[in-house]
Amino acid sequence: MLAQQLANGLVLGSIYALSALGFTLIFGAARVVNFAYGELLMLGAFFTLTVMTYSGLPFFVALPVAMVGVALLSVVLFLLTLRPLLRGAYTSLHGELQVILVTLGLLYILREAAIIIWGTAPRQMDMGVTGIQMVGDVVMTNQRLVVIAIMAMLVVGLYWLLYRTRIGKALRAIAQNREGALAIGLNTDRVIAFVFAVSGAMACAAGSLLGTLYAVEPNMGGAPLLKAFVIVIFGGLGSVPGAIVGGLAIGLIENLAGAYISFAFKDVFTFILLIAVLLLRPAGLFGRAQ
Amino acid sequence: MQADPPILTVERISKQFGGVRAVNDVSLEVRQGEILGLIGPNGAGKTTTFNLVSGRFSLTSGEVRLFGRRITGLRPDRIAGLGIARTFQGTRIFPKLSVTGNIETALLAGSRLGFWEDWLGLARARAVRKSIGGEVARILDFVGLSEHADSEAGSLAYAHQSLLGIGLALALKPKLLLLDEPFAGMNPRETAEAARMVRRIRETGVTVLLVEHDMAAVMGVCDRIVVLDQGQKIAEGTPAEIRANQRVIEAYLGTDDDA
Amino acid sequence: MRELAIAVLAAVMIAAPFMLGDYQTYLLTLTLIWAILALSMGLVLGFVGQINLGQAAFVAICAYTCAILRQRYGVDFWLAAPVALAAVVSIAALVGLLTLRLKGPFFILVMLAFAEITRLVIANWQDVTNGPLGLKGIMPPEPILGLSFDTKRSFYFLALVVLAVCLLALWRLIRSRTGRMLVAVREDELLSEFIGIPVMRNKVIGLCIGAFVAGLGGLLLGPFLTILAPSQFTLFASVDMIVMAVVGGVGTLVGPVLGAIFLVYVPEFLSFTSHYRPAMMGALLIIVTLVAPRGLLGLADVARGLLARGFGKPRRESGERGRAG
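Definitions and limits used
- Residues numbered from 1 in each chain as written.
- Chains lettered and ligands numbered in written order.
- Predicted model: local features only at pLDDT ≥ 70, side-chain atom pairs only at ≥ 80, totals over all residues.
- Heavy atoms only, no water.
- Helix = DSSP H or I, 4+ residues; strand = E, 2+ residues; numbered from the N terminus.
- Rg over C-alpha atoms; globule rule 2.2 N^0.38 Å.
- 1 Å grid on protein atoms, 1.4 Å probe; cavity = no way out; pocket = protein on both sides within 12 Å on 5 of 7 lines; lining within 4 Å.
- Points joined across faces, edges and corners; volume = space filled by probe spheres on them.
- Nonpolar A, V, L, I, M, F, W, Y, C, P; charged D, E, K, R; others polar.
- Contact = heavy atoms within 4.5 Å.
- Salt bridge = Lys/Arg side-chain N within 4 Å of Asp/Glu carboxyl O.
- Buried < 20%, exposed > 50% of the residue type's maximum accessible area, 1.4 Å probe, protein only.
- Expected span 1.5 Å × (residues − 1).
- Pairing = 2+ DSSP bridges.
- Axes fitted to C-alpha atoms, helices over the stretch in contact; angles between N-to-C directions.
- Buried area = accessible area lost by both parts, 1.4 Å probe.
- Parallel < 35°, antiparallel > 145°, perpendicular 65-115°, else oblique.
- pLDDT = per-residue confidence, 0-100.
- Left-handed = near helix turned anticlockwise from the far one by under 90°.
- Polar contact = N/O pair within 3.5 Å; in protein donor to acceptor, adjacent residues only side chain to side chain.
- Disulfide = S-S within 2.5 Å.
- Bend = angle between axes of the 7 residues up to and from the residue.

(A) Molecular detail of the overall build of chain A. Broken down by element type, chain A carries 11 helices and 2 strands. Each helix (α) and strand (β) of chain A, taken in turn from the N terminus, gives the series α-α-α-α-β-β-α-α-α-α-α-α-α. In terms of C-alpha radius of gyration, chain A reaches 19 Å, essentially the compact-globule figure of 19 Å for 290 residues. With the principal axes as the frame, chain A shows a C-alpha extent of 60 × 50 × 35 Å.

Structure follows, in structure tokens:
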């Protein structure tokens with residue numbers, strides 16, 4: 001029973017971690033709390049589903065195509081709505097609030113756009129992976145194992161991007177010291193646009209995986225967004241390892257609290273935990289104090 | 001029992017940031033009615049000392065006493081209430097409020113105006129507000145900003161903003177005024193004027209502790225000077241003594257380029 | 001001039017329900033309640049300088065407390081209302097003390113978490129709140145002082161009085177010492193602290209006043225809709241209030257009211273289906289933030305400026321200027 005709950009928590013946690021990664025990247029690089037992020041997740045699922053439906057491609061081929069699509073969308077939204085505000089956002093509270101207002105606006109528009117285009121009815125998305133594995137008395141569908149594998153691949157890919165490429169180094173420089181990065185002539189706008197692209201791609205992957213496990217529908221972005229908030233605060237806003245550990249931890253806690261304490265109140269526990277973490281360690285478990 | 005007890009006693013204070021000791025075991029006394037200068041090369045810990053006295057940073061060790069009363073660990077607004085006012089490096093004012101509004105805010109903060117009487121606009125509240133109005137005019141006159149009373153504070157020239165910053169501090173009716181680089185960014189004429197004002201402030205019975213880079217101005221205005229270098233006190237004395245002090249000269253020569 | 005405008009407006013608002021049909025009266029009452037809610041958000045935005053995504057939770061707590069006291073314990077509305085308000089203000093004070101020391105995004109996220117906790121508790125505490133189905137059949141307030149509120153028209157007047165009293169009280173507030181302290185803290189916390197203003201206390205006071213006004217809106221919301229359900233108090237309820245306050249003009253009292261009027265009546269006139277309304281809210285929020293950060297009031301100022309300048313100039317030029325602006 002406990003082992004099964006832990007395994008379930010791990011699967012849930014993998015998706016949570018994946019959802020939180022793109023969100024925390026944007027915060028780290030651009031100090032943007034992106035309320036529209038959950039909608040990118042949702043759009044990602046719809047993009048994948050649409051590619052599968054119209055081209056007949058299997059899930060694993062359609063997913064990368066959709067990831068490129070959401071990455072582009074994410075960059076376009078950044079350039080159109082956020083870039084004009086960013087300079088103010090680093091220097092003033094007012095600017096920071098403006099950025100949040102704009103992403104809240106995007107949240108509304110993207111969700112309504114999805115409802116208008118695809119309707120509100122939930123849809124199935126089939127990954128095409130069947131069968132189950134049993135280890136001891138722990139049952140795990142192959143589909144769920146694939147979810148963990150994809151999450152692991154994307155995390156490895158992200159680390160490679162951050163630590164082995166020039167743009168990754170530039171990104172880390174900007175996240176650590178914006179003025180310094182500007183002073184040595186880094187094109188911060190370009191790097192931030194790139195981060196939005198990566199974040200969009202991650203959102204698409206997370207959303208599509210969620211879609212295969214549950215259903216694809218316009219309202220599916222809300223819950224992962226809230227989870228992403230909890231996770232990044234838990235792990236430290238802007239921290240990549242924090243998002244991974246935080247995601248897994250929240251997945252596990254939710255499953256255990258749901259199984260052993262109260263299913264109805266499991267989300268309440270995570271939120272209370274979040275507030276406790278914030279008050280005791282405002283920069284998060286992995287974050288640096290500002 | 002001393003005849004003339006110090007207004008402010010700073011006893012062996014230290015402040016550590018991470019592994020760096022910004023201020024190390026500094027003691028000093030500010031005597032009633034004097035103008036004490038705190039000088040030193042860049043990074044000597046002058047501003048940190050200031051922030052420790054005014055409650056912006058917490059002390060790593062040591063103690064600060066105002067009139068013999070321990071004020072270590074109090075919140076800045078409490079310390080302000082006890083009679084220490086300060087200005088900020090590069091001046092800090094409310095740029096979106098008018099010049100009058102700035103001073104008025106500080107006076108209102110210190111006034112005993114009850115919420116309900118003010119909210120209902122009772123006679124007593126109106127009287128308090130009237131007296132505040134008079135005081136605003138007096139302070140603006142003192143710092144020489146009367147003709148700018150209705151301007152937006154952020155639109156003032158830099159030197160005028162500095163004066164407004166001093167006005168804000170004076171509005172707290174302090175016993176001890178901490179001035180953080182009051183002459184920075186001023187031309188010689190403005191510096192001379194501001195220095196005259198510092199002396200006039202002292203004449204109203206306010207003791208002044210100032211941190212300053214501009215050596216000429218400090219020598220001209222201060223009664224006594226304390227010199228810090230690398231977080232430690234290296235000298236203390238009258239301007240003439242400091243000018244002749246070998247260690248002070250070395251400390252300044254050593255960091256010639258950033259003085 | 002201003003007194004005259006206020007008098008005319010008051011006369012129109014008093015005469016309105018006698019000239020309008022039931023539906024229009026309903027719409028006007030809805031606008032009034034939204035205006036109260038937007039006002040509460042505008043207060044937090046403009047005078048505490050924070051986006052509070054937990055505002056809907058304050059509304060919910062007050063609305064539910066009042067409705068539960070009335071339905072389950074048979075308490076009179078006029079007794080339940082102050083209890084509910086006291087409850088919401090105490091909760092706001094507690095939450096504020098814990099969260100207001102957090103800066104920027106952290107405050108926003110933790111208040112969002114608070115709102116979610118509140119909503120989840122309401123949705124899952126079946127015995128008391130009736131869960132996701134909500135409380136149904138909430139009656140209009142009991143008659144008091146010989147006034148009854150069981151018609152649409154009389155309830156409209158109740159909402160009108162509440163809004164008018166709020167406006168008057170807040171107008172006095174922002175002119176009071178407390179109002180100035182709030183502005184000072186919003187503008188520069190550090191400087192405020194050093195001129196002797198207890199920063200935390202003022203922020204908590206600001207949040208509590210915001211919660212009080214939000215609670216007033218909540219008190220009216222229950223009897224107005226006759227039903228309360230957790231789905232009414234999601235993140236979107238708070239964002240709706242934000243949109244109204246921002247569209248109208250932050251940092252003013254008239255702004256949120258204008259915003260509420262705008263956002264209730266514009267979709268109505270364009271006869272939008274319910275689908276397009278959120279999209280419009282989103283688009284408005286973005287456009288206003290990017291192009292007219294001072295909202296409708298700011299635009300009115302600009303227009304007034306253009307007009308004033310236009311009169312002194314040849315016609316053609318002023319026309320061009322108008323287009324360019």
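Text resumes after the structure shown.
(B) View of empty space enclosed by the protein. According to the stated counting rule, one finds 7 cavities of 30 Å³ or more in the structure shown. Volume-wise, the largest cavity comes out at about 80 Å³. Taken together, Arg86(B), Thr87(B), Phe88(B), Thr91(B), Arg92(B), Gly165(B), Leu168(B), Ala169(B), Leu172(B), Leu191(C), Phe194(C) and Ile195(C) make up the lining of the largest cavity. For the lining of the largest cavity, the secondary-structure elements that each account for two or more residues are α6 (158–170) of chain B together with α9 (189–194) of chain C. A total of 3 residues in the lining of the largest cavity trace back to one element, the largest contributor, which is α6(B). In terms of residue class, the lining of the largest cavity is built from 7 nonpolar, 3 polar and 2 charged.

(C) Representation of the arrangement of the chains in the model. In this assembly, 2 pairs of chains are in contact, and the pair with the greatest number of contacts comprises chains A and C. With respect to C-alpha atoms, chain A approaches chain B no nearer than 12 Å, and the pair has no contact.

(D) Representation of the pattern of salt bridges. Inspection of every chain in the model, using the stated rule, returns 22 salt bridges over all chains. Salt-bridge contacts for Glu39(A) lead to Arg111(A); the nearest nitrogen and oxygen are separated by 3.0 Å. Linking Glu39(A) in helix α2 (residues 37–55) with Arg111(A) in helix α4 (residues 93–118), this pair joins segments that are 72 residues apart in sequence. Neither residue differs from the other here; Glu39(A) and Arg111(A) are each classed as buried. Between Lys233(B) and Glu236(B) there is a salt bridge, with its nearest N and O atoms 2.7 Å apart. Sharing partners across several salt bridges, the network here consists of Glu11(B), Glu63(B), Arg65(B) and Arg70(B).

(E) Expanded view of helix α7 (residues 152–175) of chain C. The terminal C-alpha atoms of α7(C), which comprises 24 residues, lie 35 Å apart, in line with the 34 Å expected from a rise of 1.5 Å per residue. Residues of α7(C) that are buried include every one of Ser154(C), Phe155(C), Tyr156(C), Leu158(C), Ala159(C), Leu160(C), Val162(C), Leu163(C), Cys166(C), Leu170(C) and Leu173(C), and no others.

(F) Fine view of the sheet that holds strand β8 (residues 207–211) of chain B. All names here are of chain B. Read from one edge of the open sheet, 6 strands run β6-β7-β8-β3-β9-β10, paired in mixed fashion. At either end of the open sheet lies a strand with only one pairing partner, and these are β6 (84–86) and β10 (232–237). Taken over all neighbouring pairs, the strand axes of this sheet differ in orientation by 20° on average, direction set aside. Summarising the sheet, strand β9 (residues 224–229) and β10 pair through 5 bridges and their orientation is antiparallel. Along β10, the bridge assignment pairs Val 227 with Ala 235.

(G) The interface of chain A and chain C, seen in detail. Each side of the interface is counted separately: chain A has 40 residues, and chain C has 38 residues. Both faces combined, the contact of chain A with chain C buries some 3600 Å², and carbon together with sulfur accounts for 84% of it. Where chain A meets chain C, there are 0 salt bridges. At the level of elements, α3 (59–91), α4, α9 (222–235) and α11 (266–280) of chain A are the ones that each hand at least two residues to the side of chain A that touches chain C. A total of 17 residues in the side of chain A that touches chain C trace back to one element, the largest contributor, which is α4(A). Taken together, the residues of the side of chain A that touches chain C break down into 32 nonpolar, 4 polar and 4 charged.

(H) Layout of the packing of helix α2 (residues 22–48) of chain C against helix α10 (residues 199–225) of chain C. Residues and elements named next belong to chain C. Between α2 and α10, whose axes approach to 8 Å, the crossing angle comes to 170°. The orientation of α2 with respect to α10, classified from their angle, is roughly antiparallel. When the residues that make up the contact of α2 with α10 are grouped by side-chain class, the tally is 16 nonpolar, 6 polar and 1 charged.

(I) Region of the structure containing the environment of Pro174(B). Residue and element names in this part refer to chain B. The topology assignment puts Pro 174 in the loop between α6 and β7 (176–180). Residue class for Pro 174 comes out buried when judged on its relative accessible area of 7%. Separated by 34 residues in sequence, Pro 174 and Val 208 have C-alpha atoms that sit 9.8 Å apart. Setting aside anything within four residues of it in sequence, one finds Pro 174 in contact with Gly 83, Ala 85, Ala 169 and Val 206.

(J) Broad picture of the confidence of the model for chain C. All names here are of chain C. Across chain C, the average pLDDT comes to 83, with 93% of residues at or above 70. Across residues 313–325, confidence stays below pLDDT 50; counting only partners more than four residues off in sequence or on other chains, it has 5 contacts. Across the predicted assembly, pTM comes out at 0.84 and ipTM at 0.85.

(K) Molecular detail of the packing of α9(A) against helix α10 (residues 240–260) of chain A. All names here are of chain A. Running from N to C, α9 and α10 point in directions that differ by 120°, and their axes come no closer than 8 Å. By the angle between their directions, the pair α9 and α10 is classed as oblique. Note that α9 runs across α10; the crossing there is right-handed. Contact with α9, carried on its side by Lys 227, Val 230, Ile 231, Phe 234 and Gly 235, involves Gly 242, Ala 243, Gly 246, Gly 247, Ala 249, Ile 250 and Glu 254 of α10 and no other residues of that element. Tallied by class, the residues present in the contact of α9 with α10 amount to 6 nonpolar, 4 polar and 2 charged.

(L) Highlighting the interface of chain B and chain C. Taken together, the contact pairs 29 residues of chain B with 22 residues of chain C. Here chain B meets chain C over a buried area of about 2400 Å², counting both sides, of which 65% is carbon and sulfur. In this structure, the connection of chain B to chain C is made through 3 salt bridges. Two residues, Arg92(B) and Asp188(C), come together in a salt bridge whose shortest N-O distance is 2.8 Å. Scanning the region where chain B abuts chain C turns up 13 residue pairs in polar contact (both at pLDDT 80 or more). Listed by contribution, the elements that provide at least two residues to the side of chain B that touches chain C are α2 (76–81), α3 (99–110) and α4 (115–120) of chain B. Counting residues per element, the side of chain B that touches chain C draws most heavily on α3(B), which supplies 6 residues. Class assignment of the residues belonging to the side of chain B that touches chain C gives a composition of 15 nonpolar, 5 polar and 9 charged.

(M) The arrangement of the state of the cysteines in detail. This structure, assessed with the given rule, holds 0 disulfides over all chains. Take Cys62(C): it sits in no disulfide, and the sulfur closest to it among the cysteines is that of Cys66(C), at 6.8 Å.

(N) Fine view of helix α1 (residues 2–30) of chain A. Residues and elements named next belong to chain A. For α1, built from 29 residues, the straight-helix expectation of 42 Å at 1.5 Å per residue is met to within 8% by its first-to-last C-alpha distance of 40 Å. The sharpest bend along α1 reaches about 25° and sits at Leu 21. Counting buried positions along α1 gives 24 out of 29 residues, so the element sits mostly inside the fold. The first or second residue beyond α1 is Arg 31, which carries a positive phi of 55°.

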